[in-house]
Amino acid sequence: MKGTIFVELLNMAEDAFGEDVVDMVLDKVNLENDGAFTSVGNYPCSDLVRIVTAFSEHSGISAEALQRKFGHWMMDHFSENYGEFFVGKENSFSLLEAIDGEIHVDVKKLYPDAELPVFETERLADKQLKLTYSSPRPLVEFCHGMVEACLDRYDEQAQIERDPATGRSNATEFDIRLKT
């Protein structure tokens, strides 16, 4: 997993809990790299899960809620640092539909070794999108937070339901219905 995800997770934690708490929590997690992440490095997803779990235990906030908050944080990070990904995207559905066919193509050019999740979309109606998120990593809540943040970015309200994808392991279907 690319280091920028780890760096931003720790930035979010510092913002929420303070630098001293982040240092204390990282000491307890006992990572091989002692919590020293670089944005261009590659690290195991299991370390990310261990860090989120440790912050959950420290704060009393569920790991799922922390992943969702992190999804919101990352959407802000992407919009601030990769504005080109948002050019021409007039609503949340157009951005979500562009993840695999445009955004991840550009990410792979920058980071050929990146192991990216797959986002398949199907427009079921003008105000309904099915997004299938496929990844062997246990980050469905993070993805859910990104979807919520995408909707917030375009000032859209939606009902989001999700279920495991039928007949596919490591895949979740999000049914996103815009409210009028």
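Anyway, here's the lowdown on the structure attached to this text.

## A short note on the overall build of the protein chain
Of regular secondary structure, the protein chain possesses six helices and four strands. The N-to-C order of helical and strand elements in the protein chain reads α-α-α-α-α-β-β-α-β-β. In terms of overall size, the protein chain behaves like a compact globule, its C-alpha atoms giving a radius of gyration of 17 Å where 180 residues would be expected to give roughly 16 Å. C-alpha atoms of the protein chain, sized along the principal axes, occupy 50 × 35 × 35 Å. Looking at the 180 residues of the protein chain, the share that counts as buried comes to 44%. In the protein chain, the share of contacts with a sequence separation of at least 24, taken over all contacts with a separation of at least 6, comes to 60%. Distance between charge centres in the protein chain, computed from 17 positive and 34 negative side chains, equals 6 Å.

## Concerning the nonpolar core
Ile-51, Phe-55, Leu-96, Leu-131 and Ile-176 are the most contacted members of the largest nonpolar core, which totals 49 residues. Put simply, the parts of the chain that give this core at least two residues each are α1 (3–17), α2 (19–29), α3 (45–59), α4 (63–81), α5 (92–110), β2 (128–134), α6 (140–153) and β4 (171–178). Per-element tally for this core: the top contributor is α6, with seven residues. Structurally, this core is a two-domain feature, drawing no fewer than three residues from each of domain 1 (3–61) and domain 2 (72–178). Contact partners of Leu-96, with chain neighbours within four places excluded, come to Thr-121, Leu-129, Leu-131, Val-147, Cys-150 and Ile-176.

## Quick look at the pairing of strand β3 (residues 158–164)
Where β3 and β4 come together, seven bridges link them in antiparallel fashion. From the neighbouring strand, Glu-161 faces β4, where its bridge partner is Asp-175. Remark: six residues form the turn of the hairpin made by β3 and β4, two consecutive strands paired antiparallel; Gly-167 in that turn has positive phi of roughly 75°.

## Let's talk about the packing of aromatic side chains
Evaluated as defined, the whole model comprises eight aromatic pairs. Ring plane angle 20° and centroid distance 4.6 Å describe the contact between Phe-6 and Phe-37, whose orientation is recorded as stacked. Of the two residues, Phe-6 sits in helix α1 while Phe-37 sits in the loop between α2 and α3, which places them 31 residues apart along the sequence. The pair Phe-6 / Phe-37 is uniform in exposure class, with both members buried. Aromatic side chains Phe-17 and Phe-55 sit 5.7 Å apart centroid to centroid with 10° between the ring planes, which places their arrangement in the stacked category. In this pair, Phe-17 sits in helix α1 while Phe-55 sits in helix α3, placing the two residues 38 residues apart along the sequence. A residue is classified by how much of its surface remains accessible, and Phe-55, at 4% relative accessible area, is buried. Members of the aromatic cluster, joined through ring pairs, are Phe-6, Phe-37 and Tyr-43. Just above the ring of Phe-86 sits the side chain of Arg-153; from NZ or CZ to the centre is 4.1 Å.

## Here we look at the pairing of β4
With six of its eight residues buried, β4 lies for the most part within the structure. Here seven bridges tie β2 to β4, and the two strands are oriented antiparallel to one another. By the bridge assignment, Tyr-133 is partnered in β4 with Thr-172.

## Section: α4
Compared with the 27 Å implied by 1.5 Å per residue over 19 residues, the 26 Å span of α4 between its first and last C-alpha is a close match. Here α4 has its buried residues at Leu-66, Gln-67, Phe-70, Gly-71, Met-74, Met-75 and His-77. Buried residues in α4 make contact with α1, α3, α5 and α6.

About the cut-offs
- Residues numbered from 1 in each chain as written.
- Predicted model: local features only at pLDDT ≥ 70, side-chain atom pairs only at ≥ 80, totals over all residues.
- Heavy atoms only, no water.
- Helix = DSSP H or I, 4+ residues; strand = E, 2+ residues; numbered from the N terminus.
- Rg over C-alpha atoms; globule rule 2.2 N^0.38 Å.
- Buried < 20%, exposed > 50% of the residue type's maximum accessible area, 1.4 Å probe, protein only.
- Contact = heavy atoms within 4.5 Å.
- Lys, Arg positive; Asp, Glu negative; His and termini not counted.
- Charge placed at Lys NZ, Arg CZ, Asp CG, Glu CD.
- Core = buried A, V, L, I, M, F, W, Y, C linked by side-chain atoms within 4.5 Å.
- Domains from an automatic or database assignment.
- Pairing = 2+ DSSP bridges.
- Phe/Tyr/Trp six-rings, centres within 6.5 Å; stacked < 30°, edge-to-face > 60°.
- Lys NZ or Arg CZ within 6 Å of the ring centre and 35° of its normal.
- Expected span 1.5 Å × (residues − 1).

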